[in-house]
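# Chains, contacts and geometry: an overview
The primary structure of each chain is shown beneath.
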2 protein chains.
Amino acid sequence: AEESAETPTIFSAEMKATALELKDTAMEAGLAYELDESLSTEVGPRRVGTPGDRLGIKWAVAKMKALGFDKVWTEEVTHVYWERGEIEAEVTGPYPQRMTAIALGGSVGTPKKGIEAEVVEFENFAALEAAPEGSLKGKIAYVSYRMERKIDGSGYGPAVIARGYGALTAEQKGAVGYIMRSVGTDNNRLAHTGGQREDKGVAGIPAAALSNPDADILSNMIRRGQPVTFKLKQSSKRHDKKVVKTANVIGEVTGRETPEDYVILGSHLDSWDVGTGAVDDGIGVTITMAAAKHILDLPQRPKRSIRVVLFGAEEVGLVGVKQYLEKNRAELDHHVIGAEWDFGVGRIYDMKPGVGPQALNAIREMAELFAPMGVSLNAANDAKGDSDLSLLGEAGMPAVEFAPDGSLYFDYHHTDNDTFDKVDPEAMKFNTAIYTMFTWLAAESGVDFRK
Amino acid sequence: AEESAETPTIFSAEMKATALELKDTAMEAGLAYELDESLSTEVGPRRVGTPGDRLGIKWAVAKMKALGFDKVWTEEVTHVYWERGEIEAEVTGPYPQRMTAIALGGSVGTPKKGIEAEVVEFENFAALEAAPEGSLKGKIAYVSYRMERKIDGSGYGPAVIARGYGALTAEQKGAVGYIMRSVGTDNNRLAHTGGQREDKGVAGIPAAALSNPDADILSNMIRRGQPVTFKLKQSSKRHDKKVVKTANVIGEVTGRETPEDYVILGSHLDSWDVGTGAVDDGIGVTITMAAAKHILDLPQRPKRSIRVVLFGAEEVGLVGVKQYLEKNRAELDHHVIGAEWDFGVGRIYDMKPGVGPQALNAIREMAELFAPMGVSLNAANDAKGDSDLSLLGEAGMPAVEFAPDGSLYFDYHHTDNDTFDKVDPEAMKFNTAIYTMFTWLAAESGVDFRK
Ligand SMILES: [Zn+2]
Ligand SMILES: [Zn+2]
Ligand SMILES: [Zn+2]
Ligand SMILES: [Zn+2]
């Protein structure tokens, strides 16, 4: 009689109790932090096609096996090679100064002796786009837009467009080179690299980012009114015909009842070559591995399988997940729900689902468990999943987006500063706890998140 | 009758009123900030013997003239040249990783192909000193002591000894190279340079500092127990017979009554070659210039003269002030009192005098004007003056040390990050106000600060 008085729930009291035990386990273990220390110390940077990338794959396979995953395998991913080379940047007049710069991913190089030209400054990408055709003939175009710091990282979009299409646009107006203020919120003299978009064509002029302090110096010079000349020497090189092999690394916790259905935890194993990728996306790699490990340590496997997928070649345009999707399209319906971590060092403060209307009841019950941890349930229900998983989300896979405080993320993003000392051990425990609870509830339940 | 009831004061009510007017002027003007923007944009880094150093001298002379100083001149300073060259550092085994390093000032280079050896870690300089003779034969010594962050910069002393004498000591034990954790409180992947002490001899092995994140990585590797090998390629070079010329730049506000007596405002014009020296010591250069300018703008000159001395070659061992002292020793008694700024971006919170017992009354009256600004009067009376001025203080010149909050100073100190964006315009106004008030009261009064 007492029992029937309670509202029926999706997740049983026993399941919730186990979820809370898993929370305690994660909060005590600190496993993700430990794994990330290992990855960033023993492997370091993992840009696609480099020895570090291959070493990272070995590390991940060995570590997943050591953690006791039921199955561990790799799925080959191919891409073309890009060579960063060296870079030298300087203002040559009227106030000669060395500048800290970094090549944008995919950039061509300059001639060996470099290019030297007058700089034309634009306050943002739209202003560059509005420049008349031919108006940049023989010049170096410079977009000085400064990214805004926001908790949800929403300053990134308005800033990153200048990285994506800046060089291509500048070239169309006649420019011989393209420089931009780094897409970053810090004031460190470390420039931020990152990919250029190639869906509208490949820029044939060299492209580089200046650190924020250097952009300040350059803009201060330009403001004085005299022509400012800039020299860029960059030996980066596209090797569009040189195929390099990398991989998606997959570790499975095999479900005890419907092993053919799986909850997906995503992250990317590749990184840029600057920094050690401890943050982007070492944190995602190790939080998801740790979450699975805590579930592996339960007395029995959950009903459904869990797949921890460490995608390859994310930084160069979600290449790994695209090839995953091609290979696994037939199984897409068995991707029950997914969540990816690719957003740095902060603590989760919000959970946004992207599920069927009926499945929202299950999400609400999960959210009740997270609420005491300070995690809100987003009113929207349009999540597709972060980064790699967004492509699976768009292809129909239900997803949850756990939003961490991203205020600091773009201080380190794609710079030399992406190192393990930036990783907060307490936030790692907290975020691992949430991923573990979510994953276990989704894998143990029979909820159809598509409905 | 009413007037005689008041305690007689050292500084008249009128003088104090003028001091408060000067405060308002400085707080409104923002002149130091403007000057520092000019110095760091139009000149940039100013390491002794480099073109930037010569340009800085030109800039300072021209700017002092433009500001209307009554006299502006330079006094030649000579030093020997040191070439930084290039540096490449990497761990070669068991976990190969590129390291961010910077040569310590005065370091010799490695052979062209570099040196490669096992690293031996010491937790601090004392531990290195305690290593048995010959025990480091063929090794690279590594001191991993981490500087502590303190408001008064007192973490610097215990850390900097490893920079001063580390290489020399390591060499004595047989080491072939010396590396150390940067003397810095930040977590940026920018290593901190700085001079080595040469009073006990010149180290014959190459010496470099790793950034804090790199030192973390290296120590994490070493902790694993396997031998860690390190490769250092460094083309720095001592040119001990190549004399370079620099200068102390002096600007005078000529006193209307006893022009042969002067209040000294010190700072140093040279900087390291990394960063733009906007902080170290562009802030000192421009605060002292601005303080004098505000006094120049009064209806009449103060009784005594004011000398703004921008010392040269400070970073390489207080060379400029040593030569100033030689040249001006006969006039030492006419240095009424002095104050130097060489401690970064914070606000002044304490004033410590170093004056005769009777003159403490004047200091107390000054302190009463600063008290509402949150500046305490230090109970000690042993100030010698900061940096350059400390040598004049030791030679008998009275001094005041204004202590700013130094919590952030060693985040940027001697790194690429010493750029103008770190300079806080409000703190610049505040500190300039205090320097202006102090300087004017000392120059307008007849107080003998030696008594
Ligand atoms: Zn990422
Ligand atoms: Zn990334
Ligand atoms: Zn200094
Ligand atoms: Zn210095």
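Residues numbered from 1 in each chain as written. Chains lettered and ligands numbered in written order. Predicted model: local features only at pLDDT ≥ 70, side-chain atom pairs only at ≥ 80, totals over all residues. Heavy atoms only, no water.

Bringing the overall build of chain A into the picture now. The helix and strand tally for chain A stands at 13 helices and 16 strands. For a compact globule of 451 residues, the expected C-alpha radius of gyration is about 22 Å, and chain A comes in at 23 Å, within 12% of that figure. On the principal axes, the C-alpha backbone points of chain A span a range of 85 × 40 × 40 Å. Looking at the 451 residues of chain A, the share that counts as buried comes to 62%. At a minimum sequence separation of 6, the contacts of chain A that also span at least 24 residues come to 84%. A total of about 16,900 Å² of accessible surface is found on chain A, and carbon and sulfur atoms cover 50% of it. When the 50 basic and 67 acidic side-chain charges of chain A are each reduced to a single mean position, those positions are 7 Å apart. (Helix = DSSP H or I, 4+ residues; strand = E, 2+ residues; numbered from the N terminus. Rg over C-alpha atoms; globule rule 2.2 N^0.38 Å. Buried < 20%, exposed > 50% of the residue type's maximum accessible area, 1.4 Å probe, protein only. Contact = heavy atoms within 4.5 Å. Areas by Shrake-Rupley, 256 points an atom, 1.4 Å probe, with all protein chains shown as cover. Lys, Arg positive; Asp, Glu negative; His and termini not counted. Charge placed at Lys NZ, Arg CZ, Asp CG, Glu CD.)

Moving on to the packing of helix H3 (residues 31–42) of chain A against helix H4 (residues 51–67) of chain A. All names here are of chain A. Running from N to C, H3 and H4 cross one another at 150°; their axes reach a closest spacing of 11 Å. Regarding the angle of H3 to H4, the classification is roughly antiparallel. As H3 packs across H4, the resulting crossing turns out to be right-handed. Counted together, Leu35, Ser38, Leu39 and Glu42 of H3 and Leu55, Trp59, Lys63 and Leu67 of H4 form the full contact between these two elements. Residue composition of the contact of H3 with H4, by class: five nonpolar, one polar and two charged. (Axes fitted to C-alpha atoms, helices over the stretch in contact; angles between N-to-C directions. Parallel < 35°, antiparallel > 145°, perpendicular 65-115°, else oblique. Left-handed = near helix turned anticlockwise from the far one by under 90°. Nonpolar A, V, L, I, M, F, W, Y, C, P; charged D, E, K, R; others polar.)

What follows covers the confidence of the model for chain A. For chain A, mean pLDDT is 97; residues scoring 70 or higher make up 98% of the total. Every residue in residues 1–5 of chain A is under pLDDT 50, and counting partners more than four places away or in other chains gives zero contacts. (pLDDT = per-residue confidence, 0-100.)

Let us look at the interface of chain A and chain B. Contacts between the two partners involve 30 residues from chain A, matched on the other side by 30 residues from chain B. Where chain A abuts chain B, roughly 2,400 Å² becomes buried across the two surfaces, and 41% of that area is made up of carbon and sulfur atoms. When residues of chain A are sorted by the area they lose upon contact with chain B, Thr41, Arg189 and Arg224 of chain A head the list and together hold 22% of the total. Put simply, chain A and chain B have eight salt bridges between them. Here Asp416 of chain A ties to Arg189 of chain B by a salt bridge, and the two come within 3.8 Å at their closest N and O atoms. Across the contact surface, chain A and chain B share 21 residue pairs in polar contact (both at pLDDT 80 or more). Going through the elements one at a time, H3, strand S3 (97–99) and helix H7 (212–223) of chain A are the ones with two or more residues in the side of chain A that touches chain B. Classifying every residue of the side of chain A that touches chain B by side-chain character gives eight nonpolar, twelve polar and ten charged. (Buried area = accessible area lost by both parts, 1.4 Å probe. Salt bridge = Lys/Arg side-chain N within 4 Å of Asp/Glu carboxyl O. Polar contact = N/O pair within 3.5 Å; in protein donor to acceptor, adjacent residues only side chain to side chain.)

As a further point, take the coordination of the zinc ion (ligand 2). Residue and element names in this part refer to chain A. Every protein donor of the zinc ion (ligand 2) is listed here as Asp280 (OD), Glu315 (OE), Glu315 (OE) and His414 (NE2), and their distances to the metal cover 2.0 to 2.4 Å. Taken together, the four donor atoms surrounding the zinc ion (ligand 2) define angles of 58 to 146° at the centre, an arrangement classified as irregular. Within one chain, the residues donating to the zinc ion (ligand 2) are spaced in sequence as D-x34-E-x98-H. In this structure, the zinc ion (ligand 2) is positioned 3.2 Å from the zinc ion (ligand 1), and both are ligated by Asp280. In this pair, Asp280 sits in the loop between strand S11 (258–268) and helix H8 (282–296) while His414 sits in the loop between helix H12 (409–412) and helix H13 (425–444), placing the two residues 134 residues apart along the sequence. (Donors = N, O, S within 2.8 Å, 3.2 Å for Na, K, Ca; no water. Tetrahedral: all angles 85-135°; square planar, octahedral: opposite > 155°, others 65-115°.)

A word on the sheet that holds strand S4 (residues 101–103) of chain A. All names here are of chain A. Read across the sheet, eight strands follow the order S3-S2-S9-S5-S6-S7-S8-S4 without closing on themselves; strand pairing throughout is mixed. Both edges of this open sheet fall to S3 and S4, since each of them pairs with a single strand only. Within the sheet, the average angular offset between the axes of one strand and its neighbour, ignoring direction, is 30°. Strands in contact with helix H6 (residues 156–172) are strand S6 (140–143), strand S7 (177–181) and strand S8 (207–210); relative to S7, the strand with the most contacts, it is inclined by about 165°. (Pairing = 2+ DSSP bridges.)

As a further point, take unusual backbone geometry. Residue and element names in this part refer to chain A. Cis geometry marks the peptide bond from Gly93 to Pro94; its omega dihedral reads 0°. By the secondary structure assignment, Pro94 is in the loop between strand S2 (87–93) and S3. A positive phi angle, close to 55°, is found at Leu318, a residue other than glycine. Structurally, the position occupied by Leu318 is in the loop between strand S12 (304–311) and helix H9 (319–328). Phi at His414 is positive, roughly 60°, even though this residue is not glycine. Judged by its relative accessible area of 4%, His414 falls in the buried class.

Attention now moves to the packing of aromatic side chains. Per the stated rule, a full pass over the model turns up 20 aromatic pairs over all chains. Ring plane angle 50° and centroid distance 5.1 Å describe the contact between Phe402 of chain A and Tyr435 of chain A, whose orientation is recorded as tilted. Within this pair, whereas Phe402 of chain A is found in strand S16 (residues 399–404), its partner Tyr435 of chain A is found in helix H13, the two being separated by 33 residues in sequence. The residues Phe402 of chain A and Tyr435 of chain A share a single accessibility class, namely buried. Centroid distance Phe311 of chain B to Tyr324 of chain B: 5.6 Å. Interplanar angle 85°. Geometry classified as edge-to-face. Of this pair, Phe311 of chain B sits in strand S12 (residues 304–311) while Tyr324 of chain B is found in helix H8 (residues 319–328), placing the two residues 13 residues apart along the sequence. Judged by its relative accessible area of 0%, Phe311 of chain B is buried. Three or more aromatic residues joined by ring pairs make a cluster, and in this case those are Trp341, Phe370, Phe402, Tyr435 and Phe438 of chain A. (Phe/Tyr/Trp six-rings, centres within 6.5 Å; stacked < 30°, edge-to-face > 60°.)

Glancing now at the relation of the copies chain A and chain B. You can overlay chain A on chain B at an RMSD of 0.1 Å; the transform is a turn of 180° with a shift of 0.0 Å along its axis. Interpreted geometrically, this transformation is the action of a two-fold axis. Comparing interface residues between copies, 100% of those in chain A also sit at the interface in chain B, which points to an isologous, same-surface contact. (Least-squares fit on C-alpha atoms with pLDDT ≥ 70 in both.)

Next up on the list: the coordination of the zinc ion (ligand 1). Residues and elements named next belong to chain A. Note on the zinc ion (ligand 1): its protein donors are His268 (NE2), Asp280 (OD), Asp342 (OD) and Asp342 (OD). The metal-donor distances range over 2.0 to 2.5 Å. In the primary structure, the donors to the zinc ion (ligand 1) are separated according to the pattern H-x11-D-x61-D. On the basis of relative accessible area, His268 is assigned to the buried category, the value being 0%.

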